[in-house]
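In case you want the letters, here they are:
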There are 2 protein chains.
Amino acid sequence: MGVTKTDNFNDEQNRLATQLKAIAHPARIAILQHIINANACICGDLVDELGLAQATISQHLKELKNAGLIQGTIEGVSVCYCIELKAWKALQNEINTMFTSYKDVNTCC
Amino acid sequence: MGVTKTDNFNDEQNRLATQLKAIAHPARIAILQHIINANACICGDLVDELGLAQATISQHLKELKNAGLIQGTIEGVSVCYCIELKAWKALQNEINTMFTSYKDVNTCC
DNA sequence: TAAATCTATCGTAATATTACGATAGATAAA
DNA sequence: TTTATCTATCGTAATATTACGATAGATTTA
């Protein structure tokens, strides 16, 4: 198969999984870190930085855009990408909620 | 292709991506939530809870184990799983570091 | 207008992931 | 010992992901 059985899970679980998948790739992590470090935005120099083909970078950027985590603005001939603060904070929150929901009570096996 | 070019990225980026991938699936999120909610541990009732085949659940558990996020203890005929606190906290920290590294300075596009 | 530059998309090949039935192995119960 | 119960693994089919060359579209420069 290869199809995730989305119906078996609730919306929250599916949405969180989708967003996590968006950042669960070294290239996309590197892209996000680069955008963050540049403080402002970044365009096609990601291609030089990451050593991946231009088509590949573009594809990764698209996935981050689809996840709503970044936003692109056309600037002349190039495109400037930056973090979408709202979605960024929201995802951070959701992840944190999951992680902090585990209280270490020594009742485990 | 389909092979991630691991060599293009540093160890931190690759490790983080691997662990994120481990939790970037609704079934595995549901499994983690279930383990957390049960407070102690959980065995094969995940099969009843999630509506996935036993082989599928076992496979997901294996991936979480491989990521070091859970730990299983044999208890008679069944196996009891629980969160691996150390790895859990470590991942939470790494993720949080990434998210908080973004300071919203209004210099973006 | 023509050439140059940058990015997105298409098509495609290689590989990974997801799910499940079948089955094996291990322990408990009869 | 035999049977029942539970979990892991194997094999496999369906689908998704990753990467890249080629190319198209859009804008700027010459």
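Structure shown above.
Cut-offs applied
- Residues numbered from 1 in each chain as written.
- Chains lettered and ligands numbered in written order.
- Predicted model: local features only at pLDDT ≥ 70, side-chain atom pairs only at ≥ 80, totals over all residues.
- Heavy atoms only, no water.
- Phe/Tyr/Trp six-rings, centres within 6.5 Å; stacked < 30°, edge-to-face > 60°.
- Helix = DSSP H or I, 4+ residues; strand = E, 2+ residues; numbered from the N terminus.
- Buried < 20%, exposed > 50% of the residue type's maximum accessible area, 1.4 Å probe, protein only.
- Contact = heavy atoms within 4.5 Å.
- Buried area = accessible area lost by both parts, 1.4 Å probe.
- Salt bridge = Lys/Arg side-chain N within 4 Å of Asp/Glu carboxyl O.
- Polar contact = N/O pair within 3.5 Å; in protein donor to acceptor, adjacent residues only side chain to side chain.
- Nonpolar A, V, L, I, M, F, W, Y, C, P; charged D, E, K, R; others polar.
- Pairing = 2+ DSSP bridges.

Visitor: Just checking my understanding: could you explain the packing of aromatic side chains for this structure?
Guide: Aromatic rings considered in pairs are described by the distance between their centres and by the relative angle of their planes. Summed over all chains, the structure comprises 4 aromatic pairs over all chains. Each ring, one from A:Phe99 and one from B:Trp88, has its centre 4.4 Å from the other, and the planes form 40°; the classification is tilted. In this pair, A:Phe99 sits in helix H5 (residues 85–100) while B:Trp88 sits in helix H5 (residues 85–100), so the two residues belong to two different chains. The class of A:Phe99 is buried, set by a relative accessible area of 0%. Between the aromatic rings of A:Tyr102 and B:Trp88, the centroid separation amounts to 6.4 Å while the plane-to-plane angle is 80°, which identifies the pairing as edge-to-face. With one member in each of two chains, A:Tyr102 in the segment after H5 and B:Trp88 in helix H5 form a pair that bridges those chains. Taken as a pair, A:Tyr102 and B:Trp88 share a single burial class, namely buried.

Visitor: Help me understand the interface of chain B and chain A in this model?
Guide: Much of the literature gives interface size as the accessible area that the parts lose upon coming together. Listed by partner, the interface residues are 49 residues for chain B and 49 residues for chain A. Carbon and sulfur atoms supply 70% of the area buried between chain B and chain A, which totals about 4,400 Å² over both sides. Ranking the residues of chain B by area buried against chain A places B:Phe99, B:Tyr102 and B:Cys109 at the top, with a combined share of 18%. Remark: the boundary between chain B and chain A carries 0 salt bridges. Counting across the interface, chain B meets chain A through 10 residue pairs in polar contact (both at pLDDT 80 or more). Put simply, the parts of the chain that give the side of chain B that touches chain A at least two residues each are helix H1 (11–23), helix H2 (26–37), strand S1 (70–75), strand S2 (78–83) and H5 of chain B. The greatest single-element share of the side of chain B that touches chain A, amounting to 9 residues, is contributed by H5(B). When grouped by side-chain class, the residues that make up the side of chain B that touches chain A number 30 nonpolar, 14 polar and 5 charged.

Visitor: Teacher, can you tell me more about the environment of B:Ala67 here?
Guide: All names here are of chain B. Tracing the backbone shows Ala-67 in the loop between helix H4 (54–66) and S1. When its relative accessible area of 17% is taken as the criterion, Ala-67 is described as buried. The sequence separation of Ala-67 and Ile-42 amounts to 25 residues, and the corresponding C-alpha distance is 18 Å. Ignoring anything within four residues of it in the chain, the contact list for Ala-67 reads Gln-19 and Ala-22.

Visitor: Teacher, can you tell me more about the pairing of S1(B) here?
Guide: Put simply, side chains in a regular strand alternate between the two faces of the sheet. All names here are of chain B. Relative to S2, S1 is paired through 6 bridges, and the arrangement is antiparallel. Residue pairing for S2: Gln-71 is matched across the bridge by Cys-82. From the end of S1 to the start of S2, which pair antiparallel, there are 2 residues, and Gly-76 there has a positive phi angle of about 65°.

Visitor: Looking at this structure, how should I read the environment of A:Ser101?
Guide: Residue and element names in this part refer to chain A. Tracing the backbone shows Ser-101 in the segment after H5. When its relative accessible area of 36% is taken as the criterion, Ser-101 is described as partly exposed. Side-chain polar atoms of Ser-101 contact the backbone oxygen of Met-98, separated by 2.7 Å.

Visitor: Help me out: how do you make sense of the environment of A:Ser58 in this one?
Guide: Residue and element names in this part refer to chain A. Relative to the helices and strands, Ser-58 resides in helix H4 (residues 54–66). On the basis of relative accessible area, Ser-58 is assigned to the partly exposed category, the value being 39%. In the structure, Ser-58 is positioned 38 residues away from Asn-96 in sequence and 29 Å away in space, judged by C-alpha atoms.

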